[in-house]
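Given next are the chains, with one letter for each unit.
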Amino acid sequence: MTDKKVVVFDYGFGNVRSAERALARAGADVEITRDYDKAMNADGLLVPGVGAFAACMKGLVEARGDWIVGRRLAGGRPVMGICVGMQILFARGIEHGVEAEGLDEWPGTVEPLKADVVPHMGWNTVDAPRDSRLFAGVDADERFYFVHSYAVQRWELEVLNPTMRAPQVTWSTHGEPFVAAVENGALWATQFHPEKSGDAGAQLLKNWIGTL
């Protein structure tokens, strides 16, 4: 695989070293930075995220990450979000009754999981579309590593133009179904941690790098 330049955006809320190592093993030329020009010009931008929705959004905005993500996507430049880095791509998040605005790349609300055991922590299967590029080469019964208490439980984006490719949405279940991954043009994201998901997660990262 030809090395592709991937920036792991460092805005203070993410396991950047784990992501860096996983991307490097998958064949990317990786740099951890919040430098505007490097983030804009990389072949791919990975946005990690851990912690609270509102705090992640605050950190992202302070680092100009909201502007970088928007500008990259406007130009068709690939972006991938992981865990809370996926959640902040939606319109809003609600934690402890407090609502915070997200990047609004997709409509939808990040809400508390409705399950007997929260957080959802550990390995779980997913239900991916048959023609998913993200999950290409991954067995249907593979498990991925999740750590989260909130999720998007309703996919709300409607594609009204029949000439446009509809987003591919992957689901998982913990108490109730929730969005586990999305592929939408240049914007891909996973609720689980591919960098902590063994060989299956490594294959996903290889698949993403292969599209850059």
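Residues numbered from 1 in each chain as written. Predicted model: local features only at pLDDT ≥ 70, side-chain atom pairs only at ≥ 80, totals over all residues. Heavy atoms only, no water.

> So what's going on with the overall build of the chain? Residues and values would help.
Secondary structure assignment for the chain yields six helices and 13 strands. In terms of C-alpha radius of gyration, the chain reaches 16 Å, essentially the compact-globule figure of 17 Å for 212 residues. For the C-alpha atoms alone, the extent of the chain along its principal axes is close to 45 × 40 × 40 Å. When burial is assessed residue by residue, the chain has 50% of its 212 residues classed as buried. Taking the intrachain contacts of the chain between residues at least 6 apart in sequence as the baseline, contacts between residues at least 24 apart amount to 71%. Accessible surface, the chain: about 9,900 Å² in total, of which carbon and sulfur atoms supply 47%. (Helix = DSSP H or I, 4+ residues; strand = E, 2+ residues; numbered from the N terminus. Rg over C-alpha atoms; globule rule 2.2 N^0.38 Å. Buried < 20%, exposed > 50% of the residue type's maximum accessible area, 1.4 Å probe, protein only. Contact = heavy atoms within 4.5 Å. Areas by Shrake-Rupley, 256 points an atom, 1.4 Å probe, with all protein chains shown as cover.)

> With reference to specific residues and values, describe the nonpolar core.
Within the largest apolar cluster, 66 residues are counted, with the highest numbers of intra-cluster contacts made by Leu 23, Leu 45, Phe 144 and Trp 208. With residues near it in sequence (within four places) discarded, Leu 23 still touches Val 6, Val 8, Ala 28, Val 30, Leu 46, Leu 205, Trp 208 and Ile 209. (Core = buried A, V, L, I, M, F, W, Y, C linked by side-chain atoms within 4.5 Å.)

> Describe the pairing of strand 11 (residues 168-174), and please don't skip the residues or the numbers.
Each regular strand displays side chains that alternate between the two surfaces of the sheet. Summarising burial for strand 11: five of the seven residues are buried, a large majority. The turn linking strand 11 back onto strand 12 (residues 176-184) is made up of one residue, and Gly 175 within it adopts a positive phi angle of 80°. (Pairing = 2+ DSSP bridges.)

> Any details on unusual backbone geometry? Residues and values, ideally.
Residue Val 118 is joined to Pro 119 through a cis peptide bond whose omega torsion reads 10°. Relative to the helices and strands, Pro 119 is located in the loop between strand 7 (106-112) and strand 8 (120-125). The phi dihedral of Cys 83 falls on the positive side, at around 60°, and the residue is not glycine. Residue placement: Cys 83 occurs in the loop between strand 4 (79-82) and helix 5 (84-87). Judged by relative accessible area, which is 4%, Cys 83 ranks as buried. Despite not being glycine, His 96 has its phi angle at roughly 55°, a positive value. Here His 96 lies in the loop between strand 5 (90-95) and strand 6 (98-101). According to the relative accessible area criterion, His 96 is exposed, its value standing at 74%.

> For the sheet that holds strand 11, give the residues involved together with the corresponding values.
Overall, mixed pairing links the seven strands, which are arranged 2-1-3-4-13-12-11 in an open sheet. Strands with a single pairing partner mark the edges of an open sheet, and in this sheet they are strand 2 (29-33) and strand 11. Here the average twist between neighbouring strands, direction ignored, is 25°. Bridge count between strand 4 and strand 13 (residues 187-190): four bridges; the pairing is parallel. For Ile 82, the partnering residue across the bridge sits in strand 13 and is Thr 190. The sheet contacts of helix 4 (residues 65-74) involve strand 1 (5-9), strand 3 (44-47), strand 4 and strand 13, and relative to strand 3 the element is tilted by about 140°. (Axes fitted to C-alpha atoms, helices over the stretch in contact; angles between N-to-C directions.)

> Would you mind going over helix 1 (residues 16-25) in detail, with residue names and values included?
Taken together, the buried positions of helix 1 are occupied by Val 16, Ala 19, Ala 22 and Leu 23. One face of helix 1 carries all of its buried residues, which in axial projection span an arc of 130°. Residues Arg 17 and Arg 25 are exposed on helix 1 and point more than 90 degrees away from its buried face. For helix 1, the secondary structure elements touched by its buried residues are strand 1, strand 2, strand 3 and helix 6 (198-210). Within two residues after helix 1, Gly 27 carries a phi angle of roughly 110°, on the positive side. (Arc of directions from axis to C-beta.)

> Lay out the packing of aromatic side chains with the relevant residues and their values.
What the rule picks out here adds up to eleven aromatic pairs. A network of ring pairs unites the aromatic residues Phe 135, Phe 144, Phe 146, Phe 178 and Phe 192 as a single cluster. The lysine or arginine in question, Arg 64, covers the ring of Tyr 36, its NZ or CZ lying 4.3 Å from the ring centre. (Phe/Tyr/Trp six-rings, centres within 6.5 Å; stacked < 30°, edge-to-face > 60°. Lys NZ or Arg CZ within 6 Å of the ring centre and 35° of its normal.)

> Which residues make up the pairing of strand 7, and what values do they have?
In terms of burial, strand 7 is largely enclosed, as five of its seven residues are buried. Note: strand 5 against strand 7, three bridges, orientation parallel. Across the sheet, residue Arg 92 finds its bridge partner in strand 7, namely Thr 109. Pairing analysis gives three bridges linking strand 7 to strand 10 (residues 150-152), with the strands arranged antiparallel. What sits directly across from Glu 111, in strand 10, is Ala 151.

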